[in-house]
Each structure stands twice: as C-alpha cells, then as structure tokens.
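So you can see what is in the structure, the chains are spelled out below.
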Amino acid sequence: HVSHTRTACSGEHGNPTMAIKHNNELPNGHFRKQWQRRVKTWLDQPARKQRRRLQRLKKAARLAPRPVEQLRPIVQCPRIKYNRRARLGRGFTKDECKHAGIDINYARRVGIAIDLRRRTHSVEALKRNSEILQDYMQRLVVFPKKSSKAAKKLIEAGKYPKLEDIEIAKDYGGIMPAMPAALEGYRKITDADRNTSVWNQLRQRKFEKYDTRRALFAKREAEKAEAMGSKKK
C-alpha cells in the first residue's frame, strides 16, 4: 500500500499549512510574552521626592556656610531660534575671570565653575559675567582651613567674621545670579532700519578684523627682519 504525498508543509504542531512563496517575511508571531512579570510601577515617586529634598537640606547644613552649588554664568542659548533666551551656563571663561581680576585656580577653590571650552564673543556677555564675578568676590568670606590657635586669634582680632554673624541663604540656589529681563520683543520697522544693511556692517567688521591681522603680521615680519639685520652686523 502506497501512502499519498501531502501537497502542503507541516506546521509547528503538525498542522498542514500552505507553503511559503516568494521572498516575504517568515510568519513569526510574538505572542505569550508574559508581560505581567515585567511590569514596573513608580508608586514611590512622592516618597523619593521628599527623600531627595531632605538629603539636599542635610547637605546644605553639613557644608554651611559654604554654598551647595557652584557659581555659574548667564549665557544665551545656541541657534537663532533660541538665542533670545538666557540660561545658566557650564562655567566662566578665561577672559571673564581675567576681566574680573580672578585667577582660574583660585576661582575653582572658592566655588566658581570654570569652562575652558566656551568663548565670549560679545562685549555685553563679558561685562555681565564679569560683574557677577566681582559681586560674588565682594560677598565672599574665606575662613581658615584648620581651626588652629592662630586661626582663632585671627577671628578674635576681627579679620575673619564669626559663623553666628553671617547670614546663610536658606534657599538651595541662593548664590546663583538673577536671570536678565527678556530681550526686546517685536516692533515696527522704522526708516532707519530699512536704510541700514546688517550684511554690510558684518562684512565691514570682517574686513577690519583681517586688516588688523595683516598689520600685526607685517609688524612681526618687520621686527624679525630688523633682528636678523642687527645680528649680521
């Protein structure tokens, strides 16, 4: 007795299925994932919020009168879409510290954040952040590192204030600078605006910059030639 051949392929459980044709995706249904075992809840969110707040208060009390956070500058957001908005930056630049008369290494020791990558391209930002640094240094009180007898004598002599006489900011970000007011909003275009070409102004500044570099390079070359001529004599 000869058995008849099947014209369909056997499935996973032995059930006859149609043969797969063409270059299509293989049928592979992802079922029975048992997702109930991997459900995660966030029911402790209010408790975590309270715990983080208490930890911040404990840290502030432990570090008092030293601020909890570092002093940070005010910068403009990047891109044309957001550059009208101001926010706190990563740190002060070398030029801003130099303009305020503060050494970078000393600034890091007294709670001032430093950013070596950012550059100050506008005079307004340089002036604003320099004023923030100067105001911070005027209100800064540096205590002796060790409570030795010499330090106690300095405190008694009045060179260092006592901890009881200093007002400590209770809020978490008490040392941060206040955000500036919003920039000028929309207004009507005047005749002066129509007659002024910003593109020409930018081109003129660019040419002035190149002329300054060219003059500086020529001056250096002249000094080198003069030095070489003096050596030959």
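Residues numbered from 1 in each chain as written. Predicted model: local features only at pLDDT ≥ 70, side-chain atom pairs only at ≥ 80, totals over all residues. Heavy atoms only, no water.

Visitor: How should I be thinking about a positive patch on the surface in this particular structure?
Guide: Positive charge collects at one region of the surface, where Lys 49, Arg 51, Arg 52, Arg 53 and Arg 56 lie side by side. Along the polypeptide, Arg 53 turns up in helix 1 (residues 45-63). Among the residues examined, Arg 53 registers a relative accessible area of 42% and is labelled partly exposed. (Patch = residues over 30% accessible without salt bridge, like charges linked within 9 Å, V, L, I, M, F, W, Y side chains within 5 Å. Areas by Shrake-Rupley, 256 points an atom, 1.4 Å probe, with all protein chains shown as cover. Salt bridge = Lys/Arg side-chain N within 4 Å of Asp/Glu carboxyl O. Lys, Arg positive; Asp, Glu negative; His and termini not counted. Charge placed at Lys NZ, Arg CZ, Asp CG, Glu CD. Helix = DSSP H or I, 4+ residues; strand = E, 2+ residues; numbered from the N terminus. Buried < 20%, exposed > 50% of the residue type's maximum accessible area, 1.4 Å probe, protein only.)

Visitor: I'm lost on the environment of Arg 37 in this one. Help?
Guide: Mapping Arg 37 onto the fold places it in the loop between strand 2 (16-17) and helix 1. A distance of 3.2 Å separates a polar atom in the side chain of Arg 37 from a polar atom in the side chain of Gln 34. (Polar contact = N/O pair within 3.5 Å; in protein donor to acceptor, adjacent residues only side chain to side chain.)

Visitor: Help me understand the environment of Asp 135 in this model?
Guide: The topology assignment puts Asp 135 in helix 4 (residues 123-139). Classification of Asp 135 by relative accessible area gives partly exposed; the value is 37%. Residues Asp 135 and Ala 100, 35 residues apart in the sequence, show an inter-C-alpha distance of 9.8 Å.

Visitor: Would you take a moment to explain the side chain of Asp 115 for this structure?
Guide: Mapped onto the fold, Asp 115 is located in the loop between helix 3 (104-109) and helix 4. As a buried residue without a salt bridge, Asp 115 has its nearest oppositely charged side chain in Arg 117, at a separation of 4.1 Å. Within the local environment of Asp 115, its side chain forms a polar contact with the backbone nitrogen of Arg 117, the two atoms lying 3.2 Å apart.

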